[in-house]
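# Reading the structure
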Amino acid sequence: MQHTAPGPAAPAPAVPQQAIDEIAALYEKTITDHQIAGVTWAIVGGHGHDEAVLAHGAAGHRELEDGEPTPGSTPMGRGSISRIASLTKSFTAATILALRDEGRLRLDDPVEQHLPEAADAFDSPADARPVTLRDLLSMNSGLVTDNPWGDRQESMTREAFAQLLQGGLGRSNTPGTRYEYSNTGFAMLGRVIDEITGRDYTVEIHERFLDPLGMVDTAFETSGLDLARLATGHRLNERSDATRFEAVPFDLPGVYGAMAGLYSTVDDIATWVRFLAAADAPDAAGRSQDLLSTGSRREMQQIHRHHVLPPLPAGTDGTSPGFDRIRGYGYGLAVDVLPDLGELVSHSGGYPGYGAFMQWHRDSGVGVVALANSKYAPLGVLSVQALQILAKHEPRLLADRIPTPAPRTLQAAGAALDWLRGAGDALADTWFADNMDLDISRAERRRRLEQALEQAGLELGALGSLTPEGAVPLSQTHLRWTVPGAQQEEESSEPTQAPRRPGAPGDQAKHESADSARDGGDGAKDLRIDLQMDPRREALVQGLDTVAVPRA
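Bear in mind that the values here come from a model prediction, so they are computed numbers and not experimental data.

## Details of the packing of aromatic side chains
- Scanning the model with the defined rule gives 12 aromatic pairs in all.
- Aromatic side chains Phe209 and Phe275 sit 6.1 Å apart centroid to centroid with 55° between the ring planes, which places their arrangement in the tilted category. A residue pair is termed long-range when its members are at least 10 positions apart, and Phe209 in helix α7 (residues 201–210) and Phe275 in helix α9 (residues 266–277) qualify at 66 residues. Like Phe275, Phe209 is buried.
- For the pair Phe250 and Tyr263, a centre-to-centre distance of 6.0 Å together with 65° between the ring planes defines the contact as edge-to-face. With Phe250 in the loop between β7 (245–247) and α8 (257–260) and Tyr263 in strand β8 (residues 263–264), this pair connects stretches of sequence that are 13 residues apart.
- Under the relative-accessibility criterion, Tyr263 is labelled buried at 1%.
- Through a chain of ring-to-ring contacts, the aromatic side chains of Phe91, Phe209, Trp272 and Phe275 assemble into a single cluster.
- Lying over the aromatic face of Trp419, Arg446 brings its terminal NZ or CZ to 4.0 Å of the ring centre.

This is the structure we're talking about:
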């Protein structure tokens, strides 16, 4: 049985004005530095917010010529319509998953099962398995990265695409072995949607998602949009002042539009972000499953193919300090794990004349959307900086989700605490799993507790105030208590939460406990207690560790 944290008891915090001003300054600087012709951005409300957009802003103009706004051009605004480029991939992926949920395809189907002209398209080695729909979704097909070539193929017809596939595609990796970004793979997925549904993928995406979600300013072509709000795209020439921006013509939709063809606004993309992010909301199971189940949306946002990043530059000793993040690709979405922000789900978009980015913090659902009408806009970097500004001014906006312990975990915790305080072995007989005494005898567990208390300068009575409900839950089955050592007692005598880092709590606790055990006992110490339950539904305690750790 799954247990998730309840919704917030109090209204979710608003965005402080100082944070809005700092974020606005980030985007405005790209205009004054002539990095972007125009930009519109929004802060997206999280799981606990009723508002889809918490703050918004814009800078620059819809169209420039010779460094000046063209006659009739208006400044970029909240309602400006721009190309979202590869953000489109998330819509194509969601449609494929919806068809999977309806039983009309399987993700492990070979591509040619639904797209016959792809039968000989892949240049796979003789020992490779067939390329599947799942491979295309997760950038795992081995196809050659096709930026910027693919950006110029949007208008390709079905007939021309069939000829392209029949002529064969190159590869850079063996299918199923390495991440490599492929626009052509998503063009294939669009054609799969055509073949399975019997109608164009553009119509299918409109009727499945755009219309039901009220995304009225989102479309694959401009004919039904308000042209007065449409931002012209700009390429960048070799100059560095405002004259570097040159308008580029619009493309007509074709097969490659499935990878990057949509136009939209920050408000519409905020709606889409909230729809996807809701899969990780505390009340996800109770939300509507009509358009796409929360399970399938959650599946889109998991790392299915690790994206190997280069290590950070080497230091003076010639050794790299490692990596600044973990990155991978889901289904039409990317996932990054950053040391300071935790898990972020996103997708970038770069297209002739345009840049786009959407990103949200998994635990809170708070996100950023930015659309620019010039290529190579640094929107990904700016979006991370915007989230960092939010975290600095109002940490509760991007707070980690705290798990709710399973009822049996709380019941076991009460018994374990009583045993640690000196209650008889009947509690251990009832609640200790069979590994416990085999791993560490009960007598040794008590000696370890005494040693940890001594190192922290505490007496056994320091455990008297501990309760199951007062523990920090690292998961539904893993609880932690931290009791301030003697040198901290004047500051606080209440158990406190140790700093948390993204990652697997169980592995983290294991490594920290090992590090603490090797510590020589010098310096101020706190007492830490970790309880872990075994994997059975009627779980028993499989771990009860008491260690002295360096004071945070």
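Moving on from the coordinates now.
## Quick word on the sheet that holds strand β11 (residues 334–338)
- The strand order across the open sheet built from eight strands is β2-β1-β14-β13-β12-β11-β10-β9, with neighbouring strands paired in antiparallel fashion. Of all strands in the sheet, those with a lone pairing partner are β2 (53–60) and β9 (305–306), marking the two edges.
- Relative to strand β14 (residues 367–372), strand β1 (residues 38–44) runs antiparallel, the two being bridged by six bridges. Within the sheet, the bridge partner assigned to Ala42 lies in β14 and is Val369.
- Each of β1, β11, β12 (342–351), β13 (354–361) and β14 is contacted by helix α11 (residues 379–393), which is oriented at about 30° to β13, the strand it contacts most.

## Looking at the environment of Thr177
- In this structure, Thr177 sits in the loop between α5 (158–166) and α6 (183–197).
- Overall, Thr177 belongs to the partly exposed group, its relative accessible area being 47%.
- Each C-alpha atom of the pair Thr177 and Gly142 lies 7.5 Å from the other, and the pair is 35 residues apart in sequence.
- In contact with Thr177, other than residues within four places in its own chain, are Asn140 and Arg305.
- Among the polar contacts made by the side chain of Thr177, one reaches the main-chain carbonyl oxygen of Thr174 at a distance of 2.6 Å.

## Some remarks on the confidence of the model for the protein chain
- Of all residues in the protein chain, 92% attain a pLDDT of 70 or more, and the chain-wide mean is 92.
- Here residues 488–492 is a poorly scored stretch, pLDDT under 50, and it has four contacts once near neighbours within four places are set aside; other chains count.
- This stretch, residues 497–521, has a pLDDT under 50; its non-local contacts, to residues over four places away or in other chains, come to 34 contacts.

## A word on the side chain of Asp534
- Mapped onto the elements of the fold, Asp534 is located in the loop between β17 (525–533) and β18 (541–550).
- Residue Asp534 is classed as buried on the basis of its relative accessible area, which comes to 7%.
- Within the local environment of Asp534, its side chain forms a polar contact with the side chain of Arg536, the two groups lying 2.5 Å apart.
- For Asp534, the residues in contact, after removing those within four places along its chain, are Ala433, Ala539, Leu540 and Gln542.

## Describing the nonpolar core
- Ranked by internal contacts, the top residues of the largest apolar core, which has 73 residues, are Val111, Met188, Trp272, Met300 and Met358.
- At eight residues, α9 tops the list of elements feeding residues into this core.
- By size, the runner-up hydrophobic cluster in this structure holds 32 residues, among which are Ala433, Ile529, Ala539 and Leu544.

## Structural notes on the pattern of salt bridges
- Tallied over the full model, the rule gives 41 salt bridges.
- With its nearest N and O atoms 2.7 Å apart, the salt bridge here joins Glu246 to Arg235. One end of the pair, Glu246, is in strand β7; the other, Arg235, is in strand β6 (residues 234–236), with 11 residues separating them in the sequence.
- Using a relative accessible area of 39% as the deciding quantity, one classes Arg235 as partly exposed.
- Linked through salt bridges whose partners overlap, the residues forming this network are Glu102, Arg104, Arg199, Glu204, Glu207 and Arg208.

## Let's talk about helix α15 (residues 442–456)
- Between its first and last C-alpha atoms α15 spans 21 Å; for 15 residues at 1.5 Å apiece the expected length is 21 Å, and the two agree.
- For α15, the complete set of buried residues consists of Arg442, Arg445, Leu449, Ala452, Leu453 and Ala456. On an axial view of α15, the arc spanned by its buried residues comes to 100°, and they lie on one face. Turned more than 90 degrees off the buried face of α15, the exposed positions are Arg447, Glu450 and Glu454.
- Turning to α15, the residues buried within the fold contact α12 (407–420), α13 (426–431), α14 (434–439), β17 and β18.

## Notes on the sheet that holds strand β15 (residues 472–475)
- If you trace the four strands from one edge of the open sheet to the other, you get β15-β16-β17-β18, paired in antiparallel fashion. Edge positions in the sheet fall to β15 and β18, since each has one partner strand and no second. When the angles between neighbouring strand axes are averaged without regard to direction, this sheet yields 20°.
- As judged from the nine bridges shared by β17 and β18, these two strands associate in the antiparallel manner. Across the sheet, Asp530 pairs through a bridge with Asp545, a residue of β18.
- Of the strands in this sheet, β16 (478–483), β17 and β18 touch α12, which is tilted by about 135° from β17.
- Against the sheet, α15 makes contact with β17 and β18, and its axis sits at roughly 25° relative to β18, the strand it touches most.

Reading guide: rules and limits
- Residues numbered from 1 in each chain as written.
- Predicted model: local features only at pLDDT ≥ 70, side-chain atom pairs only at ≥ 80, totals over all residues.
- Heavy atoms only, no water.
- Phe/Tyr/Trp six-rings, centres within 6.5 Å; stacked < 30°, edge-to-face > 60°.
- Helix = DSSP H or I, 4+ residues; strand = E, 2+ residues; numbered from the N terminus.
- Buried < 20%, exposed > 50% of the residue type's maximum accessible area, 1.4 Å probe, protein only.
- Lys NZ or Arg CZ within 6 Å of the ring centre and 35° of its normal.
- Pairing = 2+ DSSP bridges.
- Contact = heavy atoms within 4.5 Å.
- Axes fitted to C-alpha atoms, helices over the stretch in contact; angles between N-to-C directions.
- Polar contact = N/O pair within 3.5 Å; in protein donor to acceptor, adjacent residues only side chain to side chain.
- pLDDT = per-residue confidence, 0-100.
- Core = buried A, V, L, I, M, F, W, Y, C linked by side-chain atoms within 4.5 Å.
- Salt bridge = Lys/Arg side-chain N within 4 Å of Asp/Glu carboxyl O.
- Expected span 1.5 Å × (residues − 1).
- Arc of directions from axis to C-beta.

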